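# Observations on the three-dimensional arrangement
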Amino acid sequence: MPEIIDGNLIAKQIHAELKAKLEKFGGKRKPCVAFIRVGEDPASVSYVKKKARVAQEIGIDSRLHLLPESVSQGELENIIDTLNADDCVDAILIQAPLPKHLSEREAFNRVRPDKDVDGFSCANLGLLCQEDSSAFVACTPAGILEMIKRSGVETSGKRAVIIGRSIIVGKPLALLLSKRGVDATVTVCHSKSENLGQVCSQADILIAAVGRPATVTADMVKEGACVIDVGINRVPCASTKTGYKLVGDVDFEQVAPKCGKITPVPGGVGPMTVAMLMKNTVAAYERHMPESASK
Ligand code: GUN
């Protein structure tokens, strides 16, 4: 059987490292992350709650700006501008997806680059592309790389196949895995890719970020591959209290016996995304409070 990469365990180690770091700082104020959530999408409600809870455990303050589904682009941007100008706010996170009438791209680009802990602005994506270590890197890709590294998965010269080309996962992950020092050979697949199964079956590291259950089946996976499942899909389930259960994009039962390592859902990539948000928030705080960081 494969090694199950325990995202909860790795995330907890990172939380402990960040907590210890903050305790040493003794800054005049705590780090602060501001969340902007638009509407009541149940998954977004649950993610933002989780992020705020972990922030508190580590010693990071958080604020929640809850906007109605009907909010205009201008109103959203006014809130972003206010948070950009607030010296007590180190980090700003606009929970995606936004309602269809809003431009995510314009909202992401409005966030001051030194507070853009999601790394979705063109400034930070550009820095990542230039392999500048000062870039804030999107939390899910950063979390995937961290869990790959901490689990001893070799990347140099290896073939990585990413299914999905979003700004949130696929695109920044391709830049991250192909950068110098990580050195994977990266292929990005998407809905128009031909021979998807055949391309995936070449992968030493296969990352599924599609948002559709059972997209990756056993025939698409090379024997001994490392499989990273980014999907968090709610499927109806009569035997749970909530009436649904969470599954990834990978058919875990079928695929796991073929893998060297695999991430579970839940408890794989999800907690790593939160841990990297905390890491980026602490890094933003260090930039804003250099006198604390040097202690
Ligand atoms: N929605 C799904 N993943 C993310 C993420 O990493 N950041 C934000 N802001 N929204 C998301």
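To keep things clear, this report deals only with the structure shown in the data block. Note that the structure is predicted; figures quoted are calculated from it, not measured.

Before going further, it helps to spend a moment on the overall build of the chain. Each helix and strand counted, the chain has 11 helices and 11 strands in total. Relative to the globule expectation of 19 Å for 295 residues, the C-alpha radius of gyration of the chain, 19 Å, shows essentially globular dimensions. For the chain, buried positions account for 49% of its 295 residues. Taking the intrachain contacts of the chain between residues at least 6 apart in sequence as the baseline, contacts between residues at least 24 apart amount to 72%. About 13800 Å² of surface is accessible on the chain, with carbon and sulfur atoms providing 52% of the total. Charge centroids of the chain, computed over 37 positive and 35 negative side chains, lie 2 Å from each other.

Take the nonpolar core next. Residues Ile60, Ile144, Leu177, Ile207, Ile228, Val230 and Met278 are the most contacted members of the largest nonpolar core, which totals 54 residues. Of all the elements, helix α10 (residues 269–288) adds the most residues to this core, at 10 residues. Counting 20 residues, the second largest nonpolar core, distinct from the first, contains Ala34, Leu98, Leu102 and Ala107.

Right, let's talk about the packing of helix α1 (residues 7–25) against helix α6 (residues 139–150) for a bit. The contact between α1 and α6 brings their axes to 11 Å, and the two run at 100°. Classified by the angle their axes make, α1 and α6 are roughly perpendicular. Only Glu146, Met147 and Arg150 of α6 make contact with α1, whose side of the interface consists of Gly7, Ile10, Gln13, Ile14 and Glu17.

In this section: the pattern of salt bridges. A full pass over the atoms with the stated rule returns 14 salt bridges. Here Asp61 makes a salt bridge to Lys30, at a shortest N to O gap of 3.9 Å. Placement of Asp61 in strand β3 (residues 61–67) and of Lys30 in the loop between α1 and β2 (32–38) is noted, with a sequence separation of 31 residues between them. Judged by relative accessible area, which is 46%, Lys30 ranks as partly exposed. The partner of Glu146 in a salt bridge is Arg150, and the shortest N-O contact between them spans 2.8 Å. Here Arg150 and Glu146 lie together in helix α6, a separation of 4 residues that amounts to about one turn. Judged by relative accessible area, Glu146 falls into the buried class, the value being 15%. Bridged by salt links that share partners, the residues Glu17, Glu146, Arg150 and Lys279 form one connected network.

Here the focus is the sheet that holds strand β11 (residues 261–262). Taken in spatial order, the 6 strands make up an open sheet running β1-β11-β8-β7-β5-β6, and their pairing is parallel. The outermost strands of the open sheet, each flanked by one partner alone, are β1 (3–4) and β6 (185–189). The sheet contact formed by strand β5 (residues 159–163) and β6 spans 5 bridges and is parallel. Each residue of the ladder has a partner; that of Ile162, found in β6, is Val188.

Criteria and thresholds
Residues numbered from 1 in each chain as written. Predicted model: local features only at pLDDT ≥ 70, side-chain atom pairs only at ≥ 80, totals over all residues. Heavy atoms only, no water. Helix = DSSP H or I, 4+ residues; strand = E, 2+ residues; numbered from the N terminus. Rg over C-alpha atoms; globule rule 2.2 N^0.38 Å. Buried < 20%, exposed > 50% of the residue type's maximum accessible area, 1.4 Å probe, protein only. Contact = heavy atoms within 4.5 Å. Areas by Shrake-Rupley, 256 points an atom, 1.4 Å probe, with all protein chains shown as cover. Lys, Arg positive; Asp, Glu negative; His and termini not counted. Charge placed at Lys NZ, Arg CZ, Asp CG, Glu CD. Core = buried A, V, L, I, M, F, W, Y, C linked by side-chain atoms within 4.5 Å. Axes fitted to C-alpha atoms, helices over the stretch in contact; angles between N-to-C directions. Parallel < 35°, antiparallel > 145°, perpendicular 65-115°, else oblique. Salt bridge = Lys/Arg side-chain N within 4 Å of Asp/Glu carboxyl O. Pairing = 2+ DSSP bridges.

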